[in-house]
Amino acid sequence: MLQAIMEYLEEHVEPSPEWAVKLEELAAADQVPIMEPLGIQFLMQVIRLQQPKRILEIGTAIGYSALMMRHAKPDVSIVTVERDEIRYNQAVAHIQEQGAQDDIVTLKGDAFDLEETIKAHGPYDFVFIDAAKGQYQRFFEAYSSMLSDRGVIVSDNVLFKGYVADDKEATPRKANIAKKIRKYNDWLFEHEAYHTTILPVGDGVAVSVKKK
């Protein structure tokens with residue numbers, strides 16, 4: 001039944017613009033992990049609802065999600081961070097191809113090493129975490145302090161192919177990653193300053209908003 005529901009929803013996903021389809025095909029060919037169709041559509045819908053003025057993205061990859069967030073809200077300003085040089089260069093090229101370089105600031109390096117630079121561009125209304133899964137809690141702790149009062153933090157891949165719920169068939173490496181994500185999820189649920197909901201869209205998306 002669940003598989004049928006997912007297939008039904010994917011059949012009704014809003015078509016990606018032509019430039020995004022090319023990036024999706026590139027990501028598939030090069031095995032670059034980008035958000036799944038339902039996940040990216042959900043992310044865009046949250047942005048349409050929340051209407052952030054400034055977004056911080058941890059984990060640029062090839063620039064796909066940054067450009068899709070801008071597509072959802074064309075007047076937004078985005079700061080995105082990528083430590084892999086090849087992916088960083090690809091992202092810069094793709095962002096320039098879309099004429100989005102004035103709206104999307106791409107920083108190369110480790111997100112923790114660039115903390116002061118990132119802070120200088122803030123505060124942020126929206127933080128999107130989609131990088132090293134074992135560092136999610138550190139990312140959250142470092143950058144939640146840069147949120148505006150109405151800020152939202154979205155974390156991707158928090159169900160990790162379903163292994164977070166059941167890792168009996170996972171390889172040892174994947175089981176270890178699932179364990180780290182499970183620990184992060186538990187930490188989010190128990191956080192005294194944030195309400196968190198995890199939704200089974202894409203690879204699992206956690207939405208955290210400040211408690212009033």
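Notes on the structure follow.

Cis geometry marks the peptide bond from Gly 122 to Pro 123; its omega dihedral reads 5 degrees. Along the chain, Pro 123 turns up in the loop between helix H6 (115–121) and strand S4 (124–129). You will see that Gln 31, though not glycine, has its phi angle at about 55 degrees, which is positive. Turning to its location among the elements, Gln 31 is positioned in the loop between helix H2 (18–30) and helix H3 (37–50). Of the residues examined, Gln 31 reaches a relative accessible area of 70% and is grouped as exposed. For Lys 161, which is not glycine, the phi torsion reads 60 degrees and is therefore positive. Lys 161 sits in the exposed class, given a relative accessible area of 56%.

Tallying each qualifying case throughout the model produces 8 salt bridges. Where Lys 168 meets Asp 166, a salt bridge forms, and the shortest distance between an N and an O atom there is 2.9 Å. The exposed category is assigned to Lys 168, whose relative accessible area is 69%.

To continue, consider the pairing of S4. Counted residue by residue, S4 has 6 buried out of 6 residues, so it is predominantly covered. In the sheet, strand S1 (residues 54–58) pairs with S4 via 4 bridges, with the strands oriented parallel. From the neighbouring strand, Glu 57 faces S4, where its bridge partner is Phe 128. Pairing between S4 and strand S5 (residues 147–156): 5 bridges, direction parallel.

Conventions we followed
- Residues numbered from 1 in each chain as written.
- Predicted model: local features only at pLDDT ≥ 70, side-chain atom pairs only at ≥ 80, totals over all residues.
- Heavy atoms only, no water.
- Helix = DSSP H or I, 4+ residues; strand = E, 2+ residues; numbered from the N terminus.
- Buried < 20%, exposed > 50% of the residue type's maximum accessible area, 1.4 Å probe, protein only.
- Salt bridge = Lys/Arg side-chain N within 4 Å of Asp/Glu carboxyl O.
- Pairing = 2+ DSSP bridges.

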